[in-house]
Amino acid sequence: MFEYRCNSIDWKPSPLVALATIPDGSRVAAAREDGSLELWIVSPGSLSWHSQLIIHGDPKSRISHLAWVDTRLFSSSIDGTISEWDLFDLKQKVVLDSIGVSIWQMAVAPPSTVEPVQNVYLSEKSDDEEGESGVENGSEFDEAEEKPEVPDRRLAVACDDGCVRIYYVSDSEKLTYFRSLPRVSGRALSVTWSSDAQRIFSGSSDGITVGLGGLGNGSELCIWSLLSLRCGVLVSGDSTGSVKFWDSQHGTLLQSHSNHKGDVNALAASPSHNRVFSAGADGQVILYKLAGGTLKSLDSKSTSTKKWDYIGCVRAHTHDVRALTVAVPISSEGSLPDRNAKGKSRKQRRKEKPGGVSYHKWANLGVPVLISAGDDAKLFAYSVQEFTKFHPHDICPAPQRVPMQMVHTTVFNQTSLLLVQDSCSLDILGIHISSDSSGRVSTKPLVRVKSKGGRKIICSAISNAGSLFAYSDQTRPSLFELKKNKLGNNPWSPNRKRLPDIPSAHSMVFSCDCSRLIIAGHDRKIYTVGTDSMELLHTLTPRQEAQEGESHPREPPITKLYTSTDDHWLAAINCFGDVYVFNLETHRQHWFISRVDGASVAAAGFHPKDNNVLVISTSSNQVFALDVEARELGKWSLLQTLCLPKKYQEFPGEVLGLSFSPSPSSSSVIIYSSSAKCLIEFGKPMELGEEMGLSEGVEDKIASAGLKKLGNGNRKRRFEEYQKESKSNEREEIETSKHPVLYLKHLSKNAILVVEKPWMEVIKSLDSQPVHRHIYGT
């Protein structure tokens, strides 16, 4: 397979500013500077972390902090607002209007069984000035104690005016104000609760840590992060690069470490609270460990004499590290099939690739994972228990990958066109492929279309003929016709076509004959628009089989759309992995498939050789070939899906897409991620060797995937015969990529186009400078 490579595409990912892990440790929310939010699934035993969903928030409202309240996700903003992120409807909803000052950080009170609510706030004043409790004597707190109904969870907010405000989180659409704690001089930059939810600690810009008395002087010391441990120790990270451990009961300094060479931006603790991690502007992540092992007692007296030792540091980021969080892998989202340890022959030990498979040695079920995020837009995972032993794992080698789509044979003299989606604009590029053997590909800008008012573009599509392209921002979709002019300075021009009144879209696709534009609206309906008449032809409503009589859609939003090459089938996939198959001739739903293998769908597509075959790659690194017309698992998938090589089950990077060979005689498909690609031949079986991970429970596992079984009594015999026949076939290998891959597409049966970008070039394009000016290799 000859590869033509293109690296001329602009790619500038947005920095990560905040992280938060859901209380059960299964999902991690990541917020970027451009206002977008990503939800990542912690996937054990696989190199693939799956971005379950992306919500495009307000780009003008910069997120400062994230916080989970049970399963609800909130964010604070520099503009003084607090928003809740609807993970079902993929919306950002403001639950607290601007309070007039910036909000730097939030902290959710741990669940407390103590009633009434008692918040102990200690300011920089002495105990004699405010009393033992540190709470002002007034009617406000008395009234709070007499409230008949007290919500379970409270949210403390550190504000720019030096005040910490407390809000109740209830089932209503807005937060309920409770009270404000005494204001301090400077800005309140950090806030945290004690483990019993009875005390609040806050750090400010004048070096005063609320609750500990005067810890600094002048305006040069900023407390950027606070961490309260169950043993009664409070950890602070400040602008001098110091990480300090305090006795929270008496306000005395226990220990201080000055290993950072810049501001300490974030702190995190292991679930056992015997390890503390710090990260800062020097790009380092540092581990401190409590001398003597685990904490067996929460008594602060027993821990005040113990020391926190500096263990070591890891430098994976090239820029400032902004956030840390700890997650715990689970097995309900994309777990791998059980591997049989018995009966395996001894394998020859092979040298591991650097920085690669060491992740599999520690990323297992229930093992805590430390995650860091920074200005280089990267997410890295570390072993909490063996932090310095293993290399960090790059969760997302291609952050905020540029969406693009290529059409090879267009109406413009067979010119190949590439549609590139930027945050607020669309570019149509002409592709020129070199005639020599160098494999170089150059691009020429033809047309650029900007969104109205600089609104963020959510999705886009281009027709197979290249004459039509469309996009949708956060307000409405737009359709354009691309024309080539014979006269004028600009030979190419886009003409806007007026669409009917349709809501904004999460996904869109053109029919293969270019006669229809299919739009998945944010109202969870699918709209079909005629590109000639510009009229709304049909409206489809995705439903589960039990909901066919209901009119209002209750399903999650559709985020992926795929059509068969004969325009007979439409596959619509929601953000959680449910698949809805529609018959475009009868305009009715034909099949509903609930979360294949219990995982999300990473990529899919109809095979051009057989329009009834829908190929799906899941976040658990499994491949399914579904017979859509028969509503059952296809023959290849029946015998091969749960017997894929372990190499593919450990496929590096999240699967980004599928590319089918255009040859009518070929049944192959290339599955690719930003780090690797794999060719799977559906026309021939794969080798079933000792590395296939074949288990005796294949029958049960196929049934557990939620798919209809194929055949009956002869199936076991057919499976055994297929094993014998497949031994002589050669297994395909996985090929890793040197640079992050953004897009891959077949040009012909024996040639593909690979759009990639060296990461060092991406780093140079970022607004912020690397921590170290000299980057190795430049």
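Residues numbered from 1 in each chain as written. Predicted model: local features only at pLDDT ≥ 70, side-chain atom pairs only at ≥ 80, totals over all residues. Heavy atoms only, no water.

Some words on the overall build of the protein chain
Heads up, the condition is: A run of DSSP states H or I qualifies as a helix once it reaches four residues; a run of E qualifies as a strand once it reaches two. Both are numbered from the N-terminal end. Residue burial is assigned from relative accessible area. The probe radius is 1.4 Å, only protein chains are included, and a residue is buried under 20% of its type maximum, exposed over 50%, and partly exposed in between. Every residue pair with non-hydrogen atoms within 4.5 Å of one another is taken to be in contact. Each accessible area value is a Shrake-Rupley result obtained with a 1.4 Å probe; residue values ignore everything except the protein chains displayed when judging cover.
Counting its regular elements, the protein chain contains 9 helices and 55 strands. Split into buried and exposed, the 778 residues of the protein chain put 59% on the buried side. Taking the contacts inside the protein chain whose residues are at least 6 apart along the sequence as the reference set, 55% of them involve residues at least 24 apart. When the accessible surface of the protein chain is summed, it comes to about 33300 Å², and 46% of that surface belongs to carbon and sulfur atoms.

Structural notes on the sheet that holds strand β9 (residues 91-96)
Convention followed: Following DSSP output, two strands are said to pair if at least two bridges run between them. Lines fitted to the C-alpha atoms define the axes, with helices restricted to the stretch that makes contact. Angles between their N-to-C directions range from 0 to 180 degrees.
Strands sit in the order β6-β7-β8-β9 across an open sheet of 4 strands; the sheet is antiparallel. The sheet is open, and its two borders are formed by β6 (63-69) and β9, each paired with just one other strand. The mean angle between the axes of side-by-side strands here comes to 30°, regardless of whether they run parallel or antiparallel.

Quick notes on the pairing of strand β40 (residues 526-530)
In terms of burial, β40 is a largely internal element, 5 of the 5 residues being buried. Neither face of β40 is exposed, since Ile526, Thr528 and Gly530 on one face and Tyr527 and Val529 on the opposite face are all buried. As judged from the 5 bridges shared by strand β39 (residues 516-521) and β40, these two strands associate in the antiparallel manner. Paired with Arg516 across the strands is Gly530, a residue of β40.

Remarks on the environment of Asp610
Here Asp610 is to be found in the loop between β46 (601-606) and β47 (613-618). On the basis of relative accessible area, Asp610 is assigned to the partly exposed category, the value being 36%. For the pair Asp610 and Ser667, spaced 57 residues apart in the sequence, the C-alpha separation amounts to 8.7 Å.

Looking at the sheet that holds β46
Reading across from one edge, β46-β47-β48-β49 is the order of the 4 strands in this open sheet, with antiparallel pairing throughout. Only two strands of the sheet have a single partner each, and these edge strands are β46 and β49 (632-633). Both β46 and β47 contribute to a ladder of 5 bridges, which runs antiparallel. Across the sheet, residue Ala603 finds its bridge partner in β47, namely Ser617.

Points about the pairing of strand β18 (residues 223-228)
Judged by how many residues are buried, β18 sits mostly within the fold: 5 of 6 residues are covered. Bridge count between β18 and strand β19 (residues 233-238): 5 bridges; the pairing is antiparallel. Across the sheet, Ile223 pairs through a bridge with Asp238, a residue of β19.

Describing the side chain of Ser507
Locating Ser507 in the fold gives a position in strand β38 (residues 505-510). Each residue touching Ser507, except ones within four places of it in the same chain, is listed here: Cys459, Ile518, Ile519, Ala520, Ile558, Thr559, Lys560 and Leu561.

As for the environment of Lys452
Within the secondary structure layout, Lys452 lies in the loop between β33 (441-450) and β34 (457-462). Residue class for Lys452 comes out exposed when judged on its relative accessible area of 57%. When the C-alpha positions of Lys452 and Asp473 are compared, they lie 8.7 Å apart, and in sequence the two are 21 residues distant.

Let's talk about the packing of aromatic side chains
The geometry of an aromatic ring pair is captured by two quantities: the separation of the ring centres and the angle between the planes. As a reminder, the rule being used: The aromatic pairing rule takes the rings of Phe, Tyr and Trp, using the six-membered ring of Trp, and pairs them if the centres are within 6.5 Å, calling planes under 30 degrees apart stacked, those over 60 edge-to-face and the rest tilted. A ring is scored as having a charge over it whenever the NZ atom of a lysine or the CZ atom of an arginine sits within 6 Å of its centre and within 35 degrees of its normal.
Per the stated rule, a full pass over the model turns up 14 aromatic pairs. Three or more aromatic residues link up through ring pairs in this structure, and these residues are Phe245, Tyr288, Trp308 and Tyr310. Sitting above the plane of the Trp759 ring, Lys378 keeps its charged end 4.5 Å from the centroid.

Brief notes about the side chain of Ser61
With respect to the helices, strands and loops of the structure, Ser61 is situated in the loop between β5 (50-56) and β6. Aside from chain neighbours lying at most four places away, what touches Ser61 is Ser77, Asp79 and Thr81.

Notes on the nonpolar core
Which entries qualify depends on this criterion: Buried Ala, Val, Leu, Ile, Met, Phe, Trp, Tyr and Cys residues form a nonpolar core when they are joined through side-chain atoms within 4.5 Å.
One finds Ile9, Met404, Leu418, Leu753 and Val755 to be the most contacted residues of the largest nonpolar core, which totals 28 residues. Taken together, the elements giving at least two residues each to this core come down to β1 (2-6), β30 (404-407), β31 (416-421), β32 (425-433), β51 (668-673), β54 (741-748), β55 (751-756) and α9 (759-765).

Details of the pattern of salt bridges
Let me state the cut-off plainly: We count a salt bridge whenever a side-chain nitrogen from Lys or Arg sits within 4 Å of a carboxyl oxygen from Asp or Glu.
For the coordinates displayed, the defined rule picks out 22 salt bridges. When the shortest N-O distance is used, the salt bridge between Arg153 and Asp70 registers 3.0 Å. Here Asp70 lies in the loop between β6 and β7 (72-77) and Arg153 lies in strand β12 (residues 153-159), a separation of 83 residues in the sequence. Here Arg153 falls in the buried class, since its relative accessible area comes to 13%. A salt bridge links Lys389 to Glu386; the shortest N-O distance between them is 3.5 Å. Put simply, Glu3, Arg5, Lys677, Glu735 and Glu756 are held in one network by salt bridges that share partners.

Things to note about the confidence of the model for the protein chain
Put simply, the rule reads: pLDDT: the predictor's confidence for each residue, scored from 0 to 100.
The share of residues in the protein chain with pLDDT of 70 or more is 76%, and the mean pLDDT across the chain is 80. For residues 113-151, every residue scores under 50 in pLDDT, and the model assigns this stretch 62 contacts once sequence neighbours within four places are set aside. Every residue in residues 332-356 is under pLDDT 50, and counting partners more than four places away or in other chains gives 43 contacts.

As for the environment of Tyr288
Along the chain, Tyr288 turns up in strand β24 (residues 285-290). Along the sequence, Tyr288 and Trp308 sit 20 residues apart, while their C-alpha atoms lie 5.9 Å from each other.

Regarding unusual backbone geometry
One non-glycine residue, His273, lies in positive phi territory at about 65°. Of note, His273 is situated in the loop between β22 (264-269) and β23 (275-280). Since its relative accessible area comes to 15%, His273 is described here as buried. One non-glycine residue, Arg631, lies in the positive phi region at around 55°. One can find Arg631 in the loop between β48 (623-627) and β49. Taking relative accessible area as the criterion, Arg631 reaches 39% and is therefore assigned partly exposed.

Topic: the state of the cysteines
Here is the rule we go by: By convention in this document, the label disulfide applies to cysteine sulfur atom pairs within 2.5 Å.
Enumeration over the complete set of coordinates arrives at 0 disulfides. Cys514 provides the cysteine sulfur closest to Cys512, a residue in no disulfide bond, and the two sulfurs are 8.1 Å apart. Judged by its relative accessible area of 22%, Cys512 falls in the partly exposed class.

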